[in-house]
Amino acid sequence: MKVCLFGGTFDPPHLGHENIVARLIKRFDKVIVVPTKETPGKNNLPLADNCHRLQMLLLCDFAKNSNCIISDYEIISSTSPSYTINTLNYIKDKFKDSEFYIAIGKDQLNNFNNWHNSDKILSSAKIICFNRKKGVDNKELINCEFINNFDYNISSSEIRNSILNNDKKFKTMVNRDIFNYIIKEKLYTL
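So, a few notes on the structure that sits alongside this text. As the structure is a computational prediction, the values presented were derived from the model and not from experiment. (Residues numbered from 1 in each chain as written. Predicted model: local features only at pLDDT ≥ 70, side-chain atom pairs only at ≥ 80, totals over all residues. Heavy atoms only, no water.)

**Side note on unusual backbone geometry**
With an omega of 5°, the peptide bond running from D11 to P12 counts as cis. Within the secondary structure layout, P12 lies in the loop between β1 (2–8) and α1 (15–27). Even without glycine at this site, F10 takes up a positive phi of about 50°. Within the fold, F10 resides in the loop between β1 and α1. Here the phi dihedral of N117 falls at roughly 55°; this positive angle occurs in a residue that is not glycine. Tracing the backbone through its elements, the reader meets N117 in the loop between α5 (106–109) and α6 (118–124). Relative accessible area serves as the criterion here: at 27%, N117 is assigned to the partly exposed category. (Helix = DSSP H or I, 4+ residues; strand = E, 2+ residues; numbered from the N terminus. Buried < 20%, exposed > 50% of the residue type's maximum accessible area, 1.4 Å probe, protein only.)

**Points about helix α2 (residues 50–58)**
Among the residues of α2, those classed as buried are H52, R53, M56 and L57. Around the axis of α2, the buried residues are gathered within 135° of arc, so they sit on the same side. Where the residues of α2 are buried, they touch β2 (30–35), β3 (68–70), α3 (73–76) and α8 (176–185). The backbone nitrogen of C51 lies 3.1 Å from a side-chain oxygen of the residue at the head of α2, namely D49. (Arc of directions from axis to C-beta. Contact = heavy atoms within 4.5 Å. Polar contact = N/O pair within 3.5 Å; in protein donor to acceptor, adjacent residues only side chain to side chain.)

Structure representation (C-alpha coordinates):
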(Lines give C-alpha, C1' and ligand atoms only; values in the text may rest on other atoms or scores of the structure.)
Protein backbone atom coordinates (compact mmCIF):
# COMPACT_ATOMS: atom_id res chain seq x y z
CA MET A 1 0.00 0.00 0.00
CA LYS A 2 1.22 3.51 -0.78
CA VAL A 3 0.48 6.05 1.95
CA CYS A 4 1.08 9.80 1.68
CA LEU A 5 1.20 12.19 4.62
CA PHE A 6 0.21 15.83 4.06
CA GLY A 7 0.58 18.07 7.07
CA GLY A 8 0.08 21.74 7.68
CA THR A 9 -1.49 24.38 9.81
CA PHE A 10 -4.57 24.64 7.56
CA ASP A 11 -5.42 28.00 9.11
CA PRO A 12 -7.66 28.04 7.04
CA PRO A 13 -7.57 25.23 4.47
CA HIS A 14 -7.81 26.67 0.96
CA LEU A 15 -8.28 25.60 -2.64
CA GLY A 16 -4.55 24.99 -3.03
CA HIS A 17 -4.69 22.45 -0.21
CA GLU A 18 -7.77 20.85 -1.74
CA ASN A 19 -6.09 20.59 -5.13
CA ILE A 20 -2.99 18.98 -3.63
CA VAL A 21 -5.02 16.37 -1.75
CA ALA A 22 -7.22 15.66 -4.79
CA ARG A 23 -4.10 14.93 -6.82
CA LEU A 24 -2.62 12.79 -4.05
CA ILE A 25 -5.82 10.75 -3.74
CA LYS A 26 -5.56 9.80 -7.42
CA ARG A 27 -2.05 8.48 -6.86
CA PHE A 28 -2.01 6.90 -3.39
CA ASP A 29 -4.02 4.23 -1.60
CA LYS A 30 -4.32 6.42 1.50
CA VAL A 31 -3.74 10.13 2.04
CA ILE A 32 -3.42 11.23 5.65
CA VAL A 33 -4.10 14.96 6.20
CA VAL A 34 -2.60 16.09 9.51
CA PRO A 35 -3.27 19.54 10.97
CA THR A 36 -0.47 20.57 13.29
CA LYS A 37 -0.95 21.89 16.79
CA GLU A 38 2.26 23.91 16.85
CA THR A 39 4.64 24.18 13.91
CA PRO A 40 8.34 24.05 14.80
CA GLY A 41 10.12 27.25 13.88
CA LYS A 42 6.96 29.36 13.97
CA ASN A 43 6.59 31.63 16.97
CA ASN A 44 2.84 31.83 16.80
CA LEU A 45 0.11 29.27 17.22
CA PRO A 46 -2.66 28.90 14.64
CA LEU A 47 -5.22 31.70 14.90
CA ALA A 48 -8.24 29.43 14.63
CA ASP A 49 -8.49 26.89 17.41
CA ASN A 50 -8.00 23.20 16.76
CA CYS A 51 -11.72 22.40 16.64
CA HIS A 52 -12.38 25.05 13.98
CA ARG A 53 -9.45 23.91 11.84
CA LEU A 54 -10.57 20.28 12.05
CA GLN A 55 -14.13 21.27 11.21
CA MET A 56 -12.97 23.27 8.18
CA LEU A 57 -10.94 20.28 6.96
CA LEU A 58 -14.08 18.17 7.23
CA LEU A 59 -15.77 20.69 4.90
CA CYS A 60 -13.17 20.08 2.18
CA ASP A 61 -14.16 17.94 -0.80
CA PHE A 62 -11.42 15.41 -0.02
CA ALA A 63 -12.97 14.63 3.38
CA LYS A 64 -15.72 12.72 1.56
CA ASN A 65 -13.22 10.37 -0.09
CA SER A 66 -12.75 7.03 1.68
CA ASN A 67 -9.05 7.02 0.73
CA CYS A 68 -8.46 10.21 2.72
CA ILE A 69 -8.09 10.33 6.49
CA ILE A 70 -8.04 13.56 8.47
CA SER A 71 -5.92 12.75 11.50
CA ASP A 72 -6.07 14.60 14.80
CA TYR A 73 -2.86 12.88 15.98
CA GLU A 74 -0.78 16.06 16.31
CA ILE A 75 -3.62 18.10 17.76
CA ILE A 76 -4.33 15.64 20.60
CA SER A 77 -0.66 14.77 21.16
CA SER A 78 0.91 15.96 24.40
CA THR A 79 4.13 16.66 22.47
CA SER A 80 4.67 20.19 21.31
CA PRO A 81 5.83 21.38 18.83
CA SER A 82 4.65 18.81 16.31
CA TYR A 83 7.53 17.00 14.63
CA THR A 84 6.95 15.24 11.32
CA ILE A 85 9.16 12.31 12.32
CA ASN A 86 6.87 11.52 15.28
CA THR A 87 3.77 11.69 13.10
CA LEU A 88 5.42 9.58 10.42
CA ASN A 89 6.35 6.91 12.99
CA TYR A 90 2.78 6.91 14.29
CA ILE A 91 1.35 6.50 10.78
CA LYS A 92 3.91 3.80 9.93
CA ASP A 93 2.72 1.86 12.97
CA LYS A 94 -0.89 2.08 11.72
CA PHE A 95 -0.08 1.09 8.13
CA LYS A 96 2.59 -1.58 8.48
CA ASP A 97 4.30 -2.90 5.35
CA SER A 98 3.44 0.20 3.35
CA GLU A 99 5.47 2.59 1.26
CA PHE A 100 5.44 6.11 2.73
CA TYR A 101 5.54 9.53 1.14
CA ILE A 102 5.33 13.07 2.49
CA ALA A 103 3.88 15.86 0.37
CA ILE A 104 5.24 19.36 0.94
CA GLY A 105 5.18 22.73 -0.78
CA LYS A 106 8.24 24.29 -2.33
CA ASP A 107 8.39 26.80 0.53
CA GLN A 108 8.88 23.89 2.96
CA LEU A 109 11.49 22.25 0.75
CA ASN A 110 13.72 25.30 1.19
CA ASN A 111 13.74 24.69 4.94
CA PHE A 112 13.65 20.88 4.95
CA ASN A 113 17.23 20.34 6.10
CA ASN A 114 16.34 22.27 9.27
CA TRP A 115 13.44 19.96 10.14
CA HIS A 116 13.82 17.90 13.28
CA ASN A 117 15.45 14.55 12.29
CA SER A 118 15.20 15.36 8.59
CA ASP A 119 17.67 12.56 7.83
CA LYS A 120 15.41 10.01 9.55
CA ILE A 121 12.41 11.35 7.63
CA LEU A 122 14.29 10.87 4.36
CA SER A 123 15.24 7.31 5.29
CA SER A 124 11.59 6.49 6.11
CA ALA A 125 9.65 8.28 3.38
CA LYS A 126 9.95 9.74 -0.09
CA ILE A 127 9.30 13.46 -0.52
CA ILE A 128 6.91 14.87 -3.09
CA CYS A 129 7.18 18.63 -3.58
CA PHE A 130 4.39 20.71 -5.07
CA ASN A 131 6.24 23.42 -6.94
CA ARG A 132 4.61 26.64 -5.76
CA LYS A 133 6.01 29.80 -7.29
CA LYS A 134 7.19 30.95 -3.86
CA GLY A 135 10.76 30.09 -2.94
CA VAL A 136 13.96 28.97 -4.57
CA ASP A 137 14.45 25.60 -6.21
CA ASN A 138 16.53 23.55 -3.76
CA LYS A 139 15.95 20.27 -5.55
CA GLU A 140 19.61 19.36 -5.13
CA LEU A 141 19.42 19.53 -1.32
CA ILE A 142 17.25 16.45 -0.97
CA ASN A 143 16.08 13.73 -3.28
CA CYS A 144 12.45 14.49 -4.06
CA GLU A 145 9.92 14.32 -6.82
CA PHE A 146 8.63 17.64 -8.11
CA ILE A 147 5.05 18.18 -9.20
CA ASN A 148 5.68 21.09 -11.56
CA ASN A 149 2.29 21.70 -13.11
CA PHE A 150 0.81 23.11 -9.92
CA ASP A 151 -0.31 26.71 -10.12
CA TYR A 152 -2.19 27.53 -6.91
CA ASN A 153 -0.34 30.43 -5.39
CA ILE A 154 -2.72 30.86 -2.43
CA SER A 155 -1.63 31.24 1.17
CA SER A 156 -3.58 31.00 4.39
CA SER A 157 -1.93 34.20 5.63
CA GLU A 158 -3.23 36.04 2.54
CA ILE A 159 -6.73 34.75 3.33
CA ARG A 160 -6.49 35.83 6.99
CA ASN A 161 -5.28 39.30 5.95
CA SER A 162 -8.16 39.59 3.48
CA ILE A 163 -10.65 38.73 6.24
CA LEU A 164 -9.02 41.11 8.70
CA ASN A 165 -9.33 43.91 6.13
CA ASN A 166 -12.98 43.01 5.50
CA ASP A 167 -12.11 42.13 1.91
CA LYS A 168 -14.31 39.32 0.62
CA LYS A 169 -11.83 38.40 -2.15
CA PHE A 170 -10.89 35.41 0.00
CA LYS A 171 -14.18 33.91 -1.21
CA THR A 172 -12.32 32.86 -4.37
CA MET A 173 -9.57 31.13 -2.34
CA VAL A 174 -11.66 28.71 -0.25
CA ASN A 175 -14.59 26.46 -1.03
CA ARG A 176 -18.10 27.77 -0.41
CA ASP A 177 -18.67 25.74 2.77
CA ILE A 178 -15.44 26.97 4.35
CA PHE A 179 -16.24 30.55 3.34
CA ASN A 180 -19.66 30.28 5.02
CA TYR A 181 -18.12 28.62 8.10
CA ILE A 182 -15.54 31.40 8.49
CA ILE A 183 -18.26 34.06 8.20
CA LYS A 184 -20.65 32.26 10.58
CA GLU A 185 -17.98 31.63 13.22
CA LYS A 186 -16.41 35.08 12.74
CA LEU A 187 -12.96 33.56 12.38
CA TYR A 188 -9.85 35.67 11.83
CA THR A 189 -11.53 38.92 12.80
CA LEU A 190 -10.61 41.20 15.67
